Amino acid sequence: MSNTPVISGVGLWTPENAITNEELVMSYNAYAEKFNVEHKAQIEAGQIDAMPFSSAEFIEKASGIKQRYIYQKEGALDIDRMRPLIPKRRDDELSHQAEMAVNAAKKAMLQANKKAEDIDVVIVSCAYTERAYPAIAIEVQGALGIEGFGFDMLVACSAATFGLHRAYEMVKAGSARSVLVINPELTSPQVNYTDRDSHFIFGDVATAVIIESEDTATSSHQFAILGTKAKTQFSNNIRSNFGYLSRATDEDPYAADRLFHQEGRKVFKEVCPMAAEHIQSHLAQHGYAPDNVSRWWLHQANINMNQLIAKRLLGRDPSAQEAPIVLDQYANTASAGSIIAFALHHEDLKQDDIGVICSFGAGYSIGSLVIQKRH
Ligand code: CO8
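Thresholds applied
- Residues numbered from 1 in each chain as written.
- Predicted model: local features only at pLDDT ≥ 70, side-chain atom pairs only at ≥ 80, totals over all residues.
- Heavy atoms only, no water.
- Near = heavy atom within 4 Å.
- Polar contact = N/O pair within 3.5 Å; in protein donor to acceptor, adjacent residues only side chain to side chain.
- Areas by Shrake-Rupley, 256 points an atom, 1.4 Å probe, with all protein chains shown as cover.
- Helix = DSSP H or I, 4+ residues; strand = E, 2+ residues; numbered from the N terminus.
- Nonpolar A, V, L, I, M, F, W, Y, C, P; charged D, E, K, R; others polar.
- Salt bridge = Lys/Arg side-chain N within 4 Å of Asp/Glu carboxyl O.
- Buried < 20%, exposed > 50% of the residue type's maximum accessible area, 1.4 Å probe, protein only.

- For the protein chain, an unreviewed UniProt entry supplies the name Beta-ketoacyl-ACP synthase III and the organism Alteromonas sediminis.

Structure follows, in C-alpha cells:
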C-alpha cells in the first residue's frame, strides 16, 4: 500500500467563443481612432497623448498569442463598451464561475473514475473569484453533491499549482482521500481592452485536477507527485487594485488601475531567472537534473519567456514536444496555462518519465510539482 499522492485525472473546459488577434486589433484600433478624433484639440494642445495603434503582428511576435477564448464575447469588441457583457445571475442560479468549474470538474472526475462520494475536498483556486462568499468551491461542492468541505484560494498565476500543493499535502497526510482542485479562470472582465499594452494577453478557460492516494487510483494515466515547491516575493509589477474597498474609496470603478496592469518588460526580466533557478533547485532536491526531465508543462504567459526559461535549464532550445505551448490558442489563462498544457500533452509519456509543472507570475509567485509517470 502506498499513500503517495497521484494526479489521476485532469479536465479542460474551453469556452465556445474565440477572439483572434485580428478581431481584437480591429476593435481596439477603431476605439483608438474614435478617441483621437474626439480629443483632437487636447492632443494637438499637448494636454493628452494620442492613443497608439495596436498590431496583430506585434502581438504574435511579442507573445506567441494568436487567439484567446472568451466566456462571453458580446460587448468585449464593442467600441462603445470595451468589456464583456455577462448577464447577472440570480442567487438561486449557478454562478458563472461555478458553472465553468463544474464543467471542468466533471471531465476530471470521469478521467479519474471518481464519483462525488469518493471526493473529500474541493479547492477552487484561481486569479479572481466573482464574489467573496459563499465560496465558489462550496457552491461547486453542492452542485456536484460532494460531502466534506471546500474553500477558495487566490494566488494569481500560481493559484493552480498552489492549490495542487494543498491537495498533495492533504492526501499525503491522510486527511483526505481525493481532492478536486479547480481553476475557473474568468479573466476577461479584468482585461483593459482599451490598453494597447495588455488588451491581447488574457483568455478564459477552466481546468480541474484530481489528486488522490496511489492505492485508490484506478485511472489509465497516473502521475506520482514526488514533491512540491513554492516561492513568493512581493512585487508591484503585476497588479490589480480592484477590490471590496472600491465602494468606500470613491474612486472611478472603471479606472485603469482597477484592472490588470503590469510592467511587462520588468516582469519578463525578473521572473525568468527566478523561475529557472526555482525549477533547477526543485529538481535537485529530488536528485534530478533538467536533462532528466521528459516534459515541461510551464506557465503560459509568453512564448519567449517559456523558451528562455527552458533554454536556461537545458542549455538549448526545447522541442515543441518537450515544452508544449498552448498560449497560441488559449493566450495567458492566469493559473490554468500549465494545467491546459498538461491536459493536452501527458498521455504519451512512458512509465517512470519525469515531468515538471511550473507556474510563475503575479505576487511574484512561483509554484512547481515534480511528477513521475506511473502508468
Ligand atoms: N501593438 C503594437 N505595438 C505595441 C503593442 C501593441 N499591442 N504593445 C506595445 N507595443 C510597442 C511598445 O509601445 C514598444 O514600442 P517602443 O519600442 O517604440 O517603445 C514596443 O512595442 C515594445 O514594447 P514592449 O517592450 O512592452 O514589448 P515586449 O516585447 O516586452 O512585449 C509583453 C510585451 C508581451 C507584455 C512582454 O513584456 C511580456 O509578456 N512580459 C511578461 C509578462 C508576464 O508574464 N506577465 C504575467 C502577467 S499574468 C499574471 O501574473 C496573472 C495575473 C492575474 C490574471 C489577470 C487576468 C486579467
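## Looking at the site of the ligand
Step number 1: Around the ligand there are 28 residues in total, and C157, R196, Q262, R265 and N302 lie nearest to it.
Step number 2: Between S54 and the ligand, the recorded distance is 2.9 Å, taken from a side-chain N or O atom to a nitrogen atom.
Step number 3: With respect to the ligand, the side chain of Q262 contributes an N or O atom lying 2.8 Å from a nitrogen atom.
Step number 4: When the ligand is considered free in solution it has 1,200 Å² of accessible area, and contact with the protein chains removes 75% of it.
Step number 5: For the shell around the ligand, the elements supplying multiple residues, two or more each, are α3 (56-63) and α8 (264-285).
Step number 6: Here the element with the most residues in the shell around the ligand is α8; it accounts for 4 residues.
Step number 7: Each residue belonging to the shell around the ligand can be placed in one class, and the counts come to 16 nonpolar, 9 polar and 3 charged.

## Some details on the pattern of salt bridges
Step number 1: Applying the stated criterion to the full structure yields 18 salt bridges.
Step number 2: The partner of K73 in a salt bridge is E23, with the nearest N and O atoms 2.8 Å apart. One end of the pair, K73, is in the loop between β3 (67-70) and α4 (96-111); the other, E23, is in helix α1 (residues 21-38), and 50 residues separate them in sequence.
Step number 3: Exposure remark for E23: the relative accessible area of 28% places this residue in the partly exposed category.
Step number 4: In this structure, the salt-bridge partner of K350 is D353, at a minimum N-O distance of 3.9 Å.

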